[in-house]
Structure formats: C-alpha cells, structure tokens
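# Structural characterization, general
Below, each chain spelled out in residue letters.
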Amino acid sequence: MQAARNGCDTLLWGHNPKHIASLKQTGENSRYLPGVHFPKNLQFTDNLGEAVAFSSVLLISVPSHAFRDTMAQIKPMLSESSRIAWATKGFDCQDGSLLSEVAAQVLGANIESAALSGPTFAQEVAADLPTALTIASTSESFAAQLSERLHNQRFRIYTSNDIIGVQVGGACKNVLAIAAGIADGLGFGANTRAALITRGLTEIMRLGIKLGGHADTFMGLAGLGDLILTCTDNQSRNRRFGLALGQGKDQQHALNEINQEVEGISAAREAYRLSQKYGVEMPITEQVYKVLFEHLPPKQAVQNLLTRDQKSENL
C-alpha cells in the first residue's frame, strides 16, 4: 500500500518486516525489479497505522483475495478525509463482488474510492517507458486529483466514471490471458490467439454490461488495451501460466515456476459463477474454469470451443 502526501513524499507499507528492511537497505526491489532504484522521496514502513496516518490518499495494491481483509484492517484507522484507490485487478473471492462493492461494504458507501487499471507491466513502468492507464471513480474530483498526482510525460492518465466496466475489464482479461497461453502452449498459432482475444472481448463486454458497465469502456485501455497486453506478451504471469498448462505441466508446477500471484485463477472461478448467476454466455471463460477446477484436459477444452454450434458473430 502507498500513501501520498499533498507534496511529493510517498510512504510504502508492506506486512513483512524483513522485506521492508531489505528495501530500505538496498534501495531497490531486488526480487522483482532488480536494478531499478527507488526515488529519494519514497519512504518505507511495516506499520500499517503509520501508513494510514501518513496521508488521506491511500493506494492499495494487494492480491484480490487479500483485498477485503486489507479494507477491514485499515477501517478503524481511517479519518473523515481518507480516500481509497486500488490497483488490484480481480473479484472478491468470497462472493464475486467487484472490489468497489467490497470497499463500500466494509468502509461505508460514503468514502471516495477509485480503481486504477490498464495495460501496465511493472518492469516497463519502472524503466520509464511510455505507459497509459485509466482511473475510474464515481467522484470526478477524486479521479482528477489522482490523475494530476500520477500523470507525467511518460505516464499518461485518463479518467472514467465507469468504475464497474473498468474493474470487470481488469479482472476478466486475466482469464483470457490464461486461455491464450494455453492455446499457444498447444501450438495453435497466431490465428487462434487473435480469435481468442476477439471473442474474449465479446465475453467481457457481455458480463460487464450486464453488471452495469458501459460498452465503450471495453474498447479502451482497461478493456481491449489490457486484454491485448496480457494475451500477447510473456511478461504476463497469467499468459505464462496458461503456456505451462498447454505444454502439459500441472497447475502446481506452473505456479511454482512463476512464483507470483496468478489472478486469473480466482477470476476464472468468479467470472464463471457470475456468468451462471446472470445468464451471460461466456464459453471461453467456461472452458478455462473447467480446465482449472474440473481437471478438463486443455486439448479437450479447445475442442469443446471448436465444436460449438454455428452462430452470427454479432450474437
């Protein structure tokens, strides 16, 4: 979690004291971003209360399964002026809620909140390569404030009031990245990958619109942009996980190789459950779910998709 003051100082909190001590000592994240030195105005703490008290603006970046618990931990520490943003992409693992719904449930509906999403690999952001993302909030002023704080010549920020669509796009693209990885692992080539991305976008739009998102959001950075990125580049953990499955490795072996959170696994479960709850057709998501949770062989999953009934592309 990061807390930013009105000036330029930022305080980063982590729950592992040894890891925080290492960050302070080395001046870099040697495990995930070796060689990238921290700015001088970045401070560190393993004290959550200190981090929350540091600023009224908190940026949460935790795995989706830890989001609800993180909200519960910070709730008694918040002030009346506190505002919450998150870069987490996923659904709540308890009931499939959007993270904005979790924040409102735990912290109260009146707290200003925002979701950050878009095609962003950490290594490229850290290397100061041009990047663009979306900040979505129902509070136009909060979105504008965050945009002003984060925007620079290499980091372009767009704002949106569609917090539902932005979150659905960010969560579901990880499921499709696993599918694209599986297809490439099976050796099915660029044609198959392009078809999966295109039809996958249709699935994301169906679910997102059903949940209250706007159609045009899914053609933007948090939809199509993030989907293309995660489905086509091996910096994506979800794509690499799918590649390993397509190459015949079991899930645990694949996870051990990646050794980082693979959000698409839980997202596949929750997106599939939501599709069943709301009667939304999501055949690619369904097959990924069956591969991950019902032990369906990846080749059979692809065959199931290829043998579906003919239909119009616009349905």
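All of these numbers come straight from a predicted model, not from anything done at the bench.

On inspection of all chains with the given rule, the structure shows 4 aromatic pairs. Considering the side-chain rings of phenylalanine 38 and phenylalanine 44, the 5.1 Å spacing of their centres and the 55° angle between planes classify their relative orientation as tilted. Phenylalanine 38 gets classed as partly exposed once you look at its relative accessible area, which sits at 25%. Taking the relative accessible area as the measure of exposure, phenylalanine 44 reaches 12% and is therefore buried.

UniProt records the feature "domain: Glycerol-3-phosphate dehydrogenase NAD-dependent C-terminal" (unreviewed entry) for residues 162-303 in the present numbering. Secondary structure across residues 162-303 comprises 76% helix and 0% strand; the distance between its end C-alpha atoms is 36 Å.

Counting 42 residues, the largest nonpolar core has Phe91, Leu207, Phe241 and Leu292 as its most contacted members. For this core, the secondary structure elements donating two or more residues are α7 (163-185), α8 (189-210), α9 (221-232), α10 (237-246), α11 (251-258), α12 (263-278), α13 (283-293) and α14 (298-306). In this structure, leucine 207 is in contact with Phe91, Val168, Cys172, Leu274, Val280 and Met282, ignoring residues within four places of it in sequence. Ranked by size, the runner-up nonpolar core spans 26 residues in total, among them Phe54, Leu78, Leu107 and Ala222.

In this section: α10. Residues three or four positions apart in an α-helix share a direction because the helix packs 3.6 residues into each turn. Burial analysis of α10 places 8 of its 10 residues in the buried class, which makes it a mostly covered element. By the burial criterion, the buried members of α10 are Asn238, Arg239, Phe241, Gly242, Leu243, Ala244, Leu245 and Gly246.

Under the domain assignment used here, the protein chain contains domain 1 (1-162) and domain 2 (164-307). Measuring from the centre of the C-alpha atoms in domain 1 to the corresponding centre in domain 2 gives 25 Å. Counting residues at the interface gives 34 residues for domain 1 and 33 residues for domain 2. Both sides of the domain 1 and domain 2 interface together cover about 2400 Å² of buried area, and 59% of this is carbon and sulfur. Of all residues in domain 1, the largest losses of buried area upon contact with domain 2 belong to Phe91, Phe121 and Asp162, amounting jointly to 33% of the total for that side. Between the two partners, domain 1 and domain 2, sit 1 salt bridge. A salt bridge links aspartate 226 to lysine 89, with the nearest nitrogen and oxygen atoms 2.7 Å apart. For the side of domain 1 that touches domain 2, the secondary structure elements donating two or more residues are α4 (99-107), β8 (113-117), α5 (122-126), β9 (131-136) and β10 (155-160).

As a further point, take unusual backbone geometry. One non-glycine residue, aspartate 128, lies in positive phi territory at about 65°. By the element assignment, aspartate 128 lies in the loop between α5 and β9. Even without a glycine there, the phi angle at histidine 295 is positive, about 60°. Here histidine 295 shows up in the loop between α13 and α14. Given a relative accessible area of 67%, histidine 295 falls into the exposed group.

Inspection of the secondary structure puts serine 81 in the loop between α3 (67-74) and β7 (83-86). Taking the C-alpha atoms as reference points, serine 81 and lysine 277, separated by 196 residues in sequence, lie 37 Å from one another.

Thresholds, definitions, all that
- Residues numbered from 1 in each chain as written.
- Predicted model: local features only at pLDDT ≥ 70, side-chain atom pairs only at ≥ 80, totals over all residues.
- Heavy atoms only, no water.
- Phe/Tyr/Trp six-rings, centres within 6.5 Å; stacked < 30°, edge-to-face > 60°.
- Buried < 20%, exposed > 50% of the residue type's maximum accessible area, 1.4 Å probe, protein only.
- UniProt positions renumbered as here; feature names shortened; annotations may be inferred.
- Helix = DSSP H or I, 4+ residues; strand = E, 2+ residues; numbered from the N terminus.
- Core = buried A, V, L, I, M, F, W, Y, C linked by side-chain atoms within 4.5 Å.
- Contact = heavy atoms within 4.5 Å.
- Domains from an automatic or database assignment.
- Buried area = accessible area lost by both parts, 1.4 Å probe.
- Salt bridge = Lys/Arg side-chain N within 4 Å of Asp/Glu carboxyl O.

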